[in-house]
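Structural overview
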Amino acid sequence: MVELQTWQQIVLAVETPICAFDHECRLIAFNQAHNDEFFRVWGFYTKIGDVFPDLFTPDQQRVMRGLMQRALTGEAFEVVEEFGNPDLSKPAWEIRYAPLRDSSGAIVGAFHLAQDVSARMRSAAEQESAQRALLESKVVDLTLRRVLNHLDEEMRDLDNPVAIAVLAAKTLGRALNASAAGLGTLRPDGVTLDIDRDWTVPGAVSVVGTHKMTDFGTYLDILKRGEDVILNDVEKDERGLFNVQAFIGVGARAVVNIPVMEDGRCVGVRGQVAAED
């Protein structure tokens, strides 16, 4: 009993959300931070004597009970799991578990110390997505360099702007395994893109016409910075840059847009490519 009272005092003194429980997974101590965070994600408070896993949804009950029982066997460990009411908040928690022992070494319970790491997890996911996009961009850039070198040779004897545009779109489209490709000019308003000529595989939707870039998503600012925009599947857009329905409307699932820069300003989209799965 003395050891239990000592552990209760320690729990109350910790500022990070922490709770202690017995062999029946009943709460025997917790601090204010624990109760505040529990209320944030569940909408009600805990109390001493609650069977902690029973406070969760059925799918989360099994996970929580399993973690608590691991600690009650004497194991100290750390996990990252999502807990909470999906209608309120279901953060990712980094949780540390350890057994509580009395003076003889017998396990009298266990505790867990939790920290909301949702922001860190999102940041890591965004960084991974950015790195993946950078790698894809480098691959496309290498392909484009080879294509453009080849185009220089083929266009030496051409002086017709239309023929040049069609040849460039065709070459780019084939090189990037696209279903449609076009060269567009950005109007002075910085939003409207005119595509006069394109190249398509049989049956593909033409991208010729006037397009409001903002109808396709929020990635125009990226192009204006001189950066390529590449996505293998617009329906798996982790950054939320693309209007999926707008791209599907022009037969596009995968997208490669390369800005044409002039005096530091984006004046067009070189090789706007709509690749269909």
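Here, the structure is the one placed above.
Figured I'd write up the structure that's included with this text. Note that the structure is a prediction, hence the values are computed from the model and not measured.

Further remarks concern the side chain of D50. Along the chain, the position of D50 falls in the loop between α2 (32–42) and α3 (58–72). Beyond its immediate stretch of four places on either side in the chain, D50 contacts C25, R26, L27 and L55.

Here the focus is the sheet that holds strand β1 (residues 18–21). Strand order in this open sheet of five strands is β2-β1-β5-β4-β3, and the pairing throughout is antiparallel. The open sheet has two edge strands, β2 (27–30) and β3 (77–82), and neither has a second partner. Pairs of neighbouring strands in the sheet enclose a mean axial angle of 25°, with direction left out of account. Across four bridges, β1 lies against strand β5 (residues 107–116) in antiparallel orientation. Within β5, the residue paired with C19 across the bridge is H112. Its contacts with the sheet place α2 against β1, β2, β4 (92–101) and β5, and it is angled at close to 105° to β2. Along the sheet, α3 contacts β1, β3, β4 and β5; its crossing angle with β3, the most-contacted strand, is approximately 175°.

It is worth spelling out α2 at this point. The complete set of buried residues in α2 reads A33, H34, N35, F38, V41 and W42. Buried residues along α2 sit in contact with β1, β2, α3 and β4. Immediately beyond the C-terminal end of α2, within one or two residues, lies G43, with a positive phi of roughly 90°.

A separate point is the pairing of strand β7 (residues 192–200). Sheet topology note: the strand β6 (residues 180–186)/β7 ladder contains six bridges and is antiparallel. Counted as the bridge partner of G182 is D198 from β7. The loop that links β6 with its antiparallel partner β7 comprises five residues; one of these, G190, has a positive phi angle of about 75°. Of the pairings in the sheet, the one linking β7 to strand β8 (residues 209–212) comprises four bridges and is antiparallel in character. By the bridge assignment for β8, T192 is matched with K212.

A few words now on the pattern of salt bridges. Evaluated as defined, the whole model comprises 10 salt bridges. The shortest N-O distance in the salt bridge between K47 and D50 comes to 3.0 Å.

A word on unusual backbone geometry. With phi around 65°, C25 is a residue other than glycine that occupies positive phi space. Residue position: C25 is located in the loop between β1 and β2.

With that settled, the discussion passes to empty space enclosed by the protein. Tallying each qualifying case throughout the model produces two cavities of 30 Å³ or more. Lining of the largest cavity is provided by 17 residues; of these, F38, F52, W93, H112 and A114 occupy positions nearest its centre. Elements with a contribution of two residues or more to the lining of the largest cavity: β1, α2, β4 and β5. Here the lining of the largest cavity takes five residues from α2, the largest share from any one element. Considered class by class, the residues forming the lining of the largest cavity number 13 nonpolar, three polar and one charged.

Calculation criteria
Residues numbered from 1 in each chain as written. Predicted model: local features only at pLDDT ≥ 70, side-chain atom pairs only at ≥ 80, totals over all residues. Heavy atoms only, no water. Helix = DSSP H or I, 4+ residues; strand = E, 2+ residues; numbered from the N terminus. Contact = heavy atoms within 4.5 Å. Pairing = 2+ DSSP bridges. Axes fitted to C-alpha atoms, helices over the stretch in contact; angles between N-to-C directions. Buried < 20%, exposed > 50% of the residue type's maximum accessible area, 1.4 Å probe, protein only. Salt bridge = Lys/Arg side-chain N within 4 Å of Asp/Glu carboxyl O. 1 Å grid on protein atoms, 1.4 Å probe; cavity = no way out; pocket = protein on both sides within 12 Å on 5 of 7 lines; lining within 4 Å. Points joined across faces, edges and corners; volume = space filled by probe spheres on them. Nonpolar A, V, L, I, M, F, W, Y, C, P; charged D, E, K, R; others polar.

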